[in-house]
Amino acid sequence: MMEEVKEVTPCLSVHGHNIKVTEVLKDRDTLTFLIVSQKLSGTGEYHVDRTYDDFEWLQQQLFFQEDMPGIEGVIFPPLPAKPQVNASAKVIKQLGFLGLGEWQPYCKALEAFLRQVTAHSILSKNKAVEIFLTSSDPPGRQRARKNIFNRLSQAVEEMRKEGHKDVDEFFQTERDHNLVLTGCTKTAAERFLDVVLTEQKIAVASGYFSAALHLCVEPGENPDTQAFSKACVKLSEVFDSMKKNMARVAENNVSTLGLGLDLESRYQEAEKEMLFRRTCKLVELETAKRNAEKAKPVKKAAMEEVRKAAETEFDLICGVAKQEIALFHSVRVEMLQQALVQWCEKQLCTAKESADQFGQHLQAFRGMAW
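Since the structure is predicted, the reported quantities are computational estimates derived from the model, not experimental observations.

Further remarks concern the overall build of the protein. Regarding its fold elements, the protein presents nine helices and three strands. In sequence order, the protein lays out its α and β elements as α-β-β-β-α-α-α-α-α-α-α-α. Its C-alpha atoms give the protein a radius of gyration of 27 Å, clearly above 21 Å, the size a compact globule of 370 residues would have. Along the three orthogonal principal directions, the C-alpha set of the protein runs to about 110 × 50 × 35 Å. Going through the 370 residues of the protein one by one, you find that 43% of them count as buried. The contacts in the protein between residues at least 6 apart in sequence include a share of 75% that link residues at least 24 apart. Within the structure as shown, the protein displays about 20800 Å² of accessible surface, and the carbon and sulfur contribution to it stands at 56%. Counting 48 positive and 53 negative side-chain charges, the protein places the centres of these two groups 3 Å from one another.

Here we take up the packing of aromatic side chains. Within this structure, the stated rule accounts for eleven aromatic pairs. The interplanar angle of 85 degrees and the centroid separation of 6.2 Å between the aromatic rings of Trp103 and Tyr106 together place this pair among those described as edge-to-face. Taken as a pair, Trp103 and Tyr106 lie in helix 4 (residues 103-119) at a separation of three residues, close to a single helical turn. Taking the relative accessible area as the measure of exposure, Tyr106 reaches 0% and is therefore buried.

Take the packing of helix 7 (residues 169-213) against helix 8 (residues 223-294) next. The N-to-C vectors of helix 7 and helix 8 enclose an angle of 160 degrees; their axes lie 7 Å apart at closest approach. It follows from the interaxial angle that helix 7 and helix 8 lie roughly antiparallel. Here helix 7 and helix 8 pass one another in a crossing that is left-handed.

The next point concerns helix 7. With 45 residues, helix 7 extends 66 Å between its outermost C-alpha atoms, agreeing within 8% with the 66 Å of an ideal straight helix rising 1.5 Å per residue. Near the N-terminus of helix 7, the side chain that reaches the backbone nitrogen of Phe170, with its oxygen 2.8 Å away, is that of Asp168.

In spatial order, the strands read 1-2-3; together these three strands make up an open sheet with antiparallel pairing. What marks the edges here is a single partner per strand, and that holds for strand 1 (20-27) and strand 3 (45-51). In this sheet, adjacent strand axes meet at a mean angle of 20 degrees when their direction is disregarded. Along the sheet, helix 2 (residues 52-63) makes contact with strand 2 (30-38) and strand 3, crossing strand 3 at roughly 100 degrees. Across the face of the sheet, helix 4 comes into contact with strand 1 and strand 2 while running at roughly 130 degrees to strand 1.

Next up on the list: the side chain of Gln268. One can find Gln268 in helix 8. Gln268 sits in the buried class, given a relative accessible area of 3%. Dropping the residues within four chain positions of it, Gln268 is found in contact with Asn178, Leu181, Thr182, Thr185 and Phe328.

Pairing between side chains becomes possible if they bear opposite charge and their charged atoms approach one another. Following the criterion strictly, the structure yields 14 salt bridges and no others. The shortest N-O distance in the salt bridge between Glu284 and Lys281 comes to 3.6 Å. Of this pair, Glu284 and Lys281 both sit in helix 8, three residues apart, which is roughly one turn of the helix. Taking relative accessible area as the criterion, Glu284 reaches 40% and is therefore assigned partly exposed. For Glu304, the salt bridge is made with Arg307, and the minimal N-O distance between the two is 3.0 Å. Taken together, the residues span about one helical turn, with Glu304 and Arg307 both in helix 9 (residues 297-369) at a distance of three residues. Classification of Arg307 as buried rests on a relative accessible area of 17%. It is possible to trace a salt-bridge network through shared partners that takes in Glu72, Lys281, Glu284 and Glu313.

It is worth spelling out the packing of helix 2 against helix 4 at this point. Relative orientation and spacing of two packed helices are given, respectively, by the angle between their axes and the distance between those axes. Across the interface, helix 2 lies against helix 4 with an axial gap of 12 Å and an inter-helix angle of 25 degrees. Relative to helix 4, helix 2 is oriented roughly parallel. In this structure, helix 2 meets helix 4 at a crossing whose hand is left-handed. Of the residues in helix 4, those in contact with Tyr52, Phe55, Leu58, Gln59 and Leu62 of helix 2 are Tyr106, Leu110, Phe113, Leu114 and Val117. In the contact of helix 2 with helix 4, the residues fall into nine nonpolar, one polar and no charged.

This part covers helix 2. Along an α-helix, residues three or four positions apart point the same way, because every turn accommodates 3.6 residues. Helix length check: helix 2 (twelve residues) gives 17 Å between terminal C-alpha atoms against 16 Å at 1.5 Å per residue, within 8%. The buried count for helix 2 comes to ten of twelve residues, which makes it a mostly enclosed element. Along helix 2, the positions that sit buried rather than exposed are Tyr52, Asp54, Phe55, Trp57, Leu58, Gln59, Gln60, Gln61, Leu62 and Phe63.

All right, on to the confidence of the model for the protein then. Overall, the predicted model of the protein reaches an average pLDDT of 87, with 90% of residues at or above 70. By mean pLDDT, helix 1 (residues 2-5) is the weakest element of the protein at 37, and helix 7 is the strongest at 95. Under a pLDDT of 50 for its full length, residues 1-10 has, in the predicted model, 20 contacts with residues more than four places off or in other chains.

Turning our eyes to something else, we now look at the nonpolar core. In terms of nonpolar packing, the biggest core is built from 41 residues, with Phe33, Ile35, Phe55, Leu58 and Leu114 touching the most fellow members. When contributions to this core are tallied by element, the ones reaching two or more residues are strand 1, strand 2, helix 2, helix 3 (89-95), helix 4 and helix 5 (127-134). Counting residues per element, this core draws most heavily on helix 4, at eight residues. Here Phe55 is in contact with Phe33, Ile35, Arg50, Leu79, Leu110, Phe113, Leu114 and Phe132, once residues within four sequence places are set aside.

Each value, and the rule that gives it
- Residues numbered from 1 in each chain as written.
- Predicted model: local features only at pLDDT ≥ 70, side-chain atom pairs only at ≥ 80, totals over all residues.
- Heavy atoms only, no water.
- Helix = DSSP H or I, 4+ residues; strand = E, 2+ residues; numbered from the N terminus.
- Rg over C-alpha atoms; globule rule 2.2 N^0.38 Å.
- Buried < 20%, exposed > 50% of the residue type's maximum accessible area, 1.4 Å probe, protein only.
- Contact = heavy atoms within 4.5 Å.
- Areas by Shrake-Rupley, 256 points an atom, 1.4 Å probe, with all protein chains shown as cover.
- Lys, Arg positive; Asp, Glu negative; His and termini not counted.
- Charge placed at Lys NZ, Arg CZ, Asp CG, Glu CD.
- Phe/Tyr/Trp six-rings, centres within 6.5 Å; stacked < 30°, edge-to-face > 60°.
- Axes fitted to C-alpha atoms, helices over the stretch in contact; angles between N-to-C directions.
- Parallel < 35°, antiparallel > 145°, perpendicular 65-115°, else oblique.
- Left-handed = near helix turned anticlockwise from the far one by under 90°.
- Expected span 1.5 Å × (residues − 1).
- Polar contact = N/O pair within 3.5 Å; in protein donor to acceptor, adjacent residues only side chain to side chain.
- Pairing = 2+ DSSP bridges.
- Salt bridge = Lys/Arg side-chain N within 4 Å of Asp/Glu carboxyl O.
- Nonpolar A, V, L, I, M, F, W, Y, C, P; charged D, E, K, R; others polar.
- pLDDT = per-residue confidence, 0-100.
- Core = buried A, V, L, I, M, F, W, Y, C linked by side-chain atoms within 4.5 Å.

Here is the structure:
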């Protein structure tokens, strides 16, 4: 089964750019995502349901393409961390914007992952992608494998290679920039998340105050009591509007710039993973060269073969990596720019609607004063 998955297919039978994760179904602690993709033939749609294990299966199949030259130079589209129902504070911190309790942003993140995979010139040829999007059978529940790339990058004995001086100025510069950008992007996402959490708290507090104002309403025919009660009701409406406005502002932040920063942060980490894999191969190549130079005559030929193989593999990885980095810069800038534009447009629309609503409240209060 695994060997069949590794076969390549000339193209997908679906429109990758139109893939949608339309819904999430909860069954106790299990989440199932409904995925819809349009057939290239134009005769209909594929509807499949996938769990997070299925997404992990797909990602692992993309990683384990040993027969694909230079695969370790690919910047793999980053899969979001596993969602959890009733997640702990630690998990919520790990998930960031995707752990706020609303599943629509998480569906959007999975949707973005699938679209990026299907748009990739190398990864989209893997038969696993076609199986994942079109097969009625859930592939990920058949067999699971560990993510060797992440395990590789996290191994303690390999950490010394992260600071290894690069022989190529292009890659050394990229590593330096990535180190800075990874930290900055993560910090920006965390700070923006703090803003959203504060906005949500303000919305909740406004709702509480709106409800509390109704407790001040008293029956009776006393003109002062009636006037005070009427003012409390109107003020309650104002705070209810404030609650709805702040909730929309927070929702806009999450669905636009929040998701944009989250994706940017995860992609910077994905590039970091790729650069580290290449650095490990560089260390292996340098070791093979030293071994070939020091080898005794009886082992010289064998060591030279090992060196040549390591050099060929390293060159292939570097070639793929340079193409990936060029695409990475252009696509990431475009996606973050799109997130910023959508953020401004949504917040401007919300601000105009809120201004109109608060204007009506002001007119109502002026009318009461007369």
